[in-house]
Amino acid sequence: MAQQEDVFKKIVSHCKEYGFVFPSSDIYDGLGAVYDYGQNGVELKNNIKQYWWQSMVLLHENIVGIDAAIFMHPTTWKASGHVDAFNDPLIDNRDSKKRYRADVLIEEQMAKYEDKIQKEIEKAQKRFGDAFDEAQFRATNARVLENQEKFDALHKRYQEVMNAEGGIDLEGMKQIILDEGIVCPISGTRNWTDVRQFNLMFKTEMGSTADGASTIYLRPETAQGIFVNYLNVQKTGRMKLPFGIAQIGKAFRNEIVARQFIFRMREFEQMEMQFFIKPGTELDWFAKWKETRMKWHQNLGFGAENYRFHDHDKLAHYANAATDIEFHMPFGFKEVEGIHSRTNFDLSQHAKYSGKKIEYFDPETNESYTPYVIETSIGVDRMFLSIMCHSYEEQQLPDGQTRTVLHLPAALAPVKLAVFPLTKKDGMPEKAQEIINDLRFHFNCKYEEKDQIGKRYRRMDAIGCPYCVTVDQQTLEDNTVTLRDRDTMEQRRVAISELRGIIEDQVSITSLLKKLL
Ligand code: GAP
């Protein structure tokens, strides 16, 4: 675990050193849980967004996009339930003065019991080899049974406090923390305050006070911008059910426990799609979107074993199914995307609060109804982090040297091709520029002439550039170059005229999209 934490720290510094992610307002020592994307980060982020947008809007005839404003009429958030219920239960440790989410402390305690069970299983697996029977081991091993019992008891109590009549039972939550002997990781003490609720929305004022300013909110999710535009899009686009509306945009949450770099931010970006369907068909569509979204993730080639679904035990009052897609980060399996069956809750609430009829007239059955909704909601920044974590490698080379390489999927890499003149003379720089001038219309190219070739390769490996080309003396004679592959480091001689054909298909988003069909 400590080793994994070290790797994570290295990834964070790598992101800064190579222009991927900087702390916001860095010269003023940063701003908590707010980050800026640098020259390479913005390219990677844009490519992630393109991959998502095109997989939704280009590959589905019945999905269209919108771009709604961040500021919305304040009643939106009353109707959606965010004003009254978008809260986190918080607890402070009086000795360290650190603040925690009480639900997270309890969930981490449950994860500890699960980890202990897993460790016993792994040990036994090694001992018994092929003869190992996991089901039998789980049913009979004393240490596994003891931890399973503790997990089940805690899980049951947690469910009870989370689903208590009239909202979360805050006193019950504190009691669990005390009974489980959960300590503050900083002070190591159990000197806890009571648990209390904290609303996560940022507020600001619109208009001058003399005019009668009104409180408005920075949107905490992009989804509501879609719901309030359902009628506009359905009517002007003459959309027939089932159909979807996709959107990418910023969202803001005053996260109290903002940790793990860009995993939990106060300003972040979401890619959300609301799929409007006929009531009664929601569980079929839910299953279909689970499969479609998992395929989108696994299509990046990071290995199926690094993903899992986490079906929710506790459903929001308006949802009738919900799951997370989790990715194996260096700090454990963590949510990257949520898929929710939201019933007709949001549209009905907006109909109630706006006084407008928000329905669909079904020409097949001649009836009007409020559509149900399946939502897919993924954080761009979390996706970015999962890609960085999986791609980062400190590689030992056969000659005893090491290199740091980002094995980014070529279609997402910020720079696709680097072109180097071997030396700065004999017309090599001009030839290299000529190659770039020809290829820059097709993919992102970079020119580099500083330092010896080996160092230039290392710099490109560190930003995940899949291909490097070197212009040398022979190039001037026969118009061929060496083409080096980032992952294998193999070099081969190819004609300049072939470069586009070799590289373009490998680095295009289209190549990723084709694998989805
Ligand atoms: N409209 C549904 C919704 O917003 P959510 O589970 O709260 O659902 C969806 O958020 C996704 O947004 C999460 O799976 C995560 O990837 C991302 N996300 C949520 N809060 C975030 C934060 N504070 N920082 C970064 N990403 C966040």
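Residues numbered from 1 in each chain as written. Predicted model: local features only at pLDDT ≥ 70, side-chain atom pairs only at ≥ 80, totals over all residues. Heavy atoms only, no water.

Q: What's the story with the domain arrangement of the protein chain in this structure? I'm lost.
A: For interface size, the figure often reported is the accessible area lost on association. By the assigned domains, the protein chain splits into domain 1 (39-70 + 219-394), domain 2 (87-197) and domain 3 (397-516). Using C-alpha coordinates to define each centre, domain 2 is positioned 50 Å away from domain 3. (Domains from an automatic or database assignment.)

Q: Even after reading the chapter, I still don't get the environment of Ile 186, so can you show me in this structure?
A: As for its placement among the helices and strands, Ile 186 is situated in the loop between α8 (170-179) and β6 (196-199). Taking the C-alpha atoms as reference points, Ile 186 and Asn 93, separated by 93 residues in sequence, lie 9.1 Å from one another. Ignoring anything within four residues of it in the chain, the contact list for Ile 186 reads Ser 96, Lys 98 and Tyr 100. (Helix = DSSP H or I, 4+ residues; strand = E, 2+ residues; numbered from the N terminus. Contact = heavy atoms within 4.5 Å.)

Q: I tried to follow the site of the ligand on my own but got confused; where do I start?
A: Near the ligand lie 20 residues; those nearest to it are Glu 221, Met 265, Glu 272, Glu 335 and Val 336. Glu 335 is positioned with one of its side-chain polar atoms (N or O) 2.5 Å from an oxygen atom of the ligand. Val 336 is positioned such that a nitrogen or oxygen atom in its backbone is 2.7 Å from an oxygen atom of the ligand. Mapped onto the shell around the ligand, the elements with two or more residues apiece are β10 (267-277), β13 (332-341) and β16 (372-379). For the shell around the ligand, the residue count by class is five nonpolar, five polar and 10 charged. (Near = heavy atom within 4 Å. Polar contact = N/O pair within 3.5 Å; in protein donor to acceptor, adjacent residues only side chain to side chain. Nonpolar A, V, L, I, M, F, W, Y, C, P; charged D, E, K, R; others polar.)

Q: What exactly am I supposed to notice about the pattern of salt bridges here?
A: Side chains that differ in charge, positive against negative, can pair when their charged atoms come close. For the structure shown, the criterion picks out 34 salt bridges. Of the charged contacts, one joins Arg 500 and Glu 504 as a salt bridge, the two residues approaching to 3.0 Å between their closest N and O atoms. Taken together, the residues Arg 500 and Glu 504, both in helix α17 (residues 496-507) and four residues apart, mark about one turn of the helix. Assessed through its relative accessible area of 37%, Arg 500 is described here as partly exposed. The partly exposed category is assigned to Glu 504, whose relative accessible area is 25%. Three or more residues joined by partner-sharing salt bridges are found here, namely Glu 221, Arg 342, Asp 346 and Glu 375. (Salt bridge = Lys/Arg side-chain N within 4 Å of Asp/Glu carboxyl O. Buried < 20%, exposed > 50% of the residue type's maximum accessible area, 1.4 Å probe, protein only.)

Q: For this particular structure, what's the right way to read the packing of helix α7 (residues 142-162) against α8?
A: For any two helices packed against each other, the geometry comes down to the angle between their axes and how far apart the axes lie. Interhelical geometry of α7 versus α8 gives an angle of 160° and a closest axis separation of 9 Å. In this view, α7 runs roughly antiparallel relative to α8, as classed from their interaxial angle. Crossing of α7 over α8 shows left-handed handedness. On the side of α7, the interface is formed by Leu 154, Arg 157, Tyr 158, Val 161 and Met 162, while α8 contributes Gly 172, Met 173, Gln 175, Ile 176 and Asp 179. A per-class count over the contact of α7 with α8 returns six nonpolar, two polar and two charged. (Axes fitted to C-alpha atoms, helices over the stretch in contact; angles between N-to-C directions. Parallel < 35°, antiparallel > 145°, perpendicular 65-115°, else oblique. Left-handed = near helix turned anticlockwise from the far one by under 90°.)

Q: Which parts of the structure should I look at to understand the nonpolar core?
A: In a soluble, globular protein the nonpolar side chains are often hidden away together inside. In this structure, Phe 20, Tyr 51, Trp 52, Phe 384, Leu 385 and Leu 412 are the most contacted members of the largest nonpolar core, which totals 67 residues. In terms of residue count, helix α13 (residues 380-391) provides more of this core than any other element does, seven residues in total. If you look at the next biggest cluster of nonpolar residues, it comprises 20 residues, including Met 428, Ile 435, Leu 439 and Val 471. (Core = buried A, V, L, I, M, F, W, Y, C linked by side-chain atoms within 4.5 Å.)

Q: Could you clarify how one ought to interpret the sheet that holds strand β3 (residues 63-65) in this entry?
A: Sheet strands pair via backbone hydrogen bonds, and the direction of the pair is either parallel or antiparallel. Strand order across the open sheet formed by seven strands is β3-β9-β10-β16-β13-β12-β11, with mixed pairing between neighbours. For this open sheet the edge positions go to β3 and β11 (307-311), each flanked by a neighbour on one side alone. Direction aside, the axes of adjacent strands within the sheet are offset by 25° on average. Across nine bridges, strand β12 (residues 321-329) lies against β13 in antiparallel orientation. By the bridge assignment for β13, Glu 326 is matched with Glu 335. (Pairing = 2+ DSSP bridges.)

Q: Please clarify how unusual backbone geometry should be interpreted in this entry.
A: Note: most peptide bonds trans; most residues except glycine with negative phi. The omega torsion of the bond from Leu 241 to Pro 242 falls at -5°, within 30 degrees of zero and hence cis. Counting through the fold element by element, Pro 242 comes out in the loop between α10 (230-236) and β9 (243-252). Backbone geometry at Phe 261 places phi at a positive 60°, although glycine is not the residue there. Assignment of secondary structure puts Phe 261 in the loop between β9 and β10. With a phi close to 60°, Asn 366 is a non-glycine residue in the positive phi region. In this structure, Asn 366 sits in the loop between β14 (360-362) and β15 (367-369). The class of Asn 366 is exposed, set by a relative accessible area of 59%.

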